[in-house]
Each structure stands twice: as structure tokens, then as C-alpha cells.
Amino acid sequence: MSQPNSAVDLTVEINHGQVHLYDEAPWVDDPDNNAVLRALDDARQSGRFVGESNGLVDLVSPAQWNSNAPMRVEVWPQEPPPGDDEWDHVVDIDLDAPNGRLWFEGSGGRDPIPCDVPPGRYRARVSGRGYTEVAAGVEGVDSYRLRLWPRGRKTAPLGRKAWHGWRDGTIN
């Protein structure tokens, strides 16, 4: 059975129902860059609830606030086994880390949480669970996983599994 090369457990902040993932903030060289809004638009308009713009990935969550959300980051030598059954929502998307550090930042400009990974161009599998419970008002039960593996060419995002609440209007 295949195993990740490395795994790190982090605590990230979900703020305004979002956490942003990036290697270098798109607004560093351009303070007017609105990649955050474009990634949010991509997440919602695509129905994936994970969007991308200028190298920033926006993970939208039904949890509006969770300052202690578990996030497991795994780096794999190749595409990992699916494991989608254990998760409410799963999306594959490109996420590059040329500097070897990913940042996890709650929406609204909170202090980002760093995570070192080998520098590279990655395909990422973003997974979330506890969504139904959170939508019902239970706090702090949502958790997330980010699996990274090397990619060749740029690939379009792929929704692998959609949480029913996005589709049936439980939350939007």
C-alpha cells in the first residue's frame, strides 16, 4: 500500500467560511490584486466550492468560524488512493509551491499559518468533513485534508465528491 512521503497536522482558521491556501500571496507585488474575490467567485460559480485565481486556492466551508480547524497536509510521490468515502466534499485542483512553503489564511486577513513542503508544482486533493453537523449548528467538528503530489501539465479542477448541502440549499 502506498504511503505519503510526509504528513503534517496543522490547526488552521476558517473565517467567514473560507481559508485561503497559497505559496506566495498574489497581492505581494500588486496590492490591488483581487485574487481572493476571483477565487471565491470561481468556487461558487463552478459549484466546486474550491476555487483558484493567480495561484491562490480558496476553500469554502459551511463552517463560518472555526479558529481550531484540523488540517492534515500530506505529500505523496504520486497520486494517492482516493479515500473519498471518508469525506463530505473532495476536489482536485492545481496548487504550486515554488518556494516550498504553503500558507493557510482565514478570510479577512488573519495571520497565515505556514507549512513547509518540498518546492514543486502539485496537484492537490482538498477534502472536508463534518459539514452536515456544522450546517446544523454544531461548532468545531469540521476537519480538512490536503494531499499533494507532483504534476506535469496544468489540469482543470475536478469536483470528485460534492457535499449534499451545496446542492440542496442547506447552505450557500
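What this report covers is the structure whose coordinates are included nearby.

**A short note on the overall build of the chain**
And then number 1: For the chain, the count of helices and strands is 3 helices and 11 strands.
And then number 2: Compactness check: the chain gives a C-alpha radius of gyration of 15 Å against a globular reference of 16 Å for 172 residues, within 12% of the reference.
And then number 3: Expressed along its principal axes, the backbone C-alpha trace of the chain runs to roughly 45 × 40 × 30 Å.
And then number 4: Split into buried and exposed, the 172 residues of the chain put 47% on the buried side.
And then number 5: Here the analysis covers contacts within the chain between residues at least 6 apart in sequence; of these, 75% occur between residues at least 24 apart.
And then number 6: Charged side chains of the chain number 18 positive and 27 negative; the gap between the two group centres comes to 6 Å.

**Examining the packing of aromatic side chains**
And then number 1: Per the stated rule, a full pass over the model turns up 5 aromatic pairs.
And then number 2: Here Y131 and W163 contribute two aromatic rings whose centre-to-centre distance is 5.6 Å and whose plane-to-plane angle is 85°, an arrangement assigned as edge-to-face. One end of the pair, Y131, is in helix 2 (residues 131–135); the other, W163, is in the loop between strand 11 (158–161) and helix 3 (164–168), with 32 residues separating them in the sequence.
And then number 3: Chaining the aromatic ring pairs together yields one cluster made of F49, Y131, Y144, W163 and W166.
And then number 4: The residue whose ring lies beneath R129 is W87, and the NZ or CZ to ring-centre distance is 3.8 Å.

**Details of unusual backbone geometry**
And then number 1: Its identity is not glycine, yet H16 carries a phi of approximately 55°, on the positive side.
And then number 2: Here H16 is to be found in the loop between strand 1 (6–15) and strand 2 (18–22).
And then number 3: In this model, N54 sits at a positive phi of 50°, which is unusual for a non-glycine residue.

**As for helix 1 (residues 35–46)**
And then number 1: For helix 1, spanning 12 residues, the distance from its first C-alpha to its last is 16 Å, which sits close to the expected 16 Å at 1.5 Å a residue.
And then number 2: Listed in full, the buried residues belonging to helix 1 are A35, A39, L40 and A43. What you see down the axis of helix 1 is that its buried residues fit within an arc of 135°, all on one side. Relative to its buried face, helix 1 has exposed residues pointing more than 90 degrees away, namely L37 and Q45.
And then number 3: Those residues of helix 1 that are buried are in contact with strand 2, strand 3 (50–53) and strand 4 (56–60).

Calculation notes
Throughout, residues of each chain are indexed from 1 in the direction in which the sequence is written. Given that this is a predicted model, residues contribute local features only at a pLDDT of at least 70 and side-chain atom pairs are listed and counted only at 80 or more, while totals for whole chains, interfaces and linings are drawn from all residues. Note that the side-chain values use all heavy atoms of the structure and ignore hydrogens as well as water. Counting from the N terminus, the helices are the DSSP runs of H or I reaching at least four residues and the strands are the DSSP runs of E reaching at least two. C-alpha atoms define the radius of gyration, and 2.2 Å times the number of residues to the power 0.38 defines the globule rule. Partly exposed describes any residue whose relative accessible area lies between the buried limit of under 20% and the exposed limit of over 50%, with all areas from a 1.4 Å probe on protein chains only and scaled to the type maximum. In what follows, residue pairs with any heavy atoms lying within 4.5 Å of each other are defined as contacts. Counting rule applied: Lys, Arg positive; Asp, Glu negative; His and chain ends not counted. Positions of charges follow a simple convention, taking NZ of Lys, CZ of Arg, CG of Asp or CD of Glu. Here the aromatic set is Phe, Tyr and Trp, taking the six-membered ring for Trp, and pairing holds for ring centres within 6.5 Å; pairs whose planes are under 30 degrees apart are stacked, those over 60 apart are edge-to-face, and all others are tilted. The rule is short: NZ of Lys or CZ of Arg within 6 Å of the ring centre and within 35 degrees of the ring normal puts a charge over the ring. To estimate how far a helix should extend, the number of its residues minus one is multiplied by 1.5 Å. Along the arc lie the directions from the helix axis toward the C-beta atoms.

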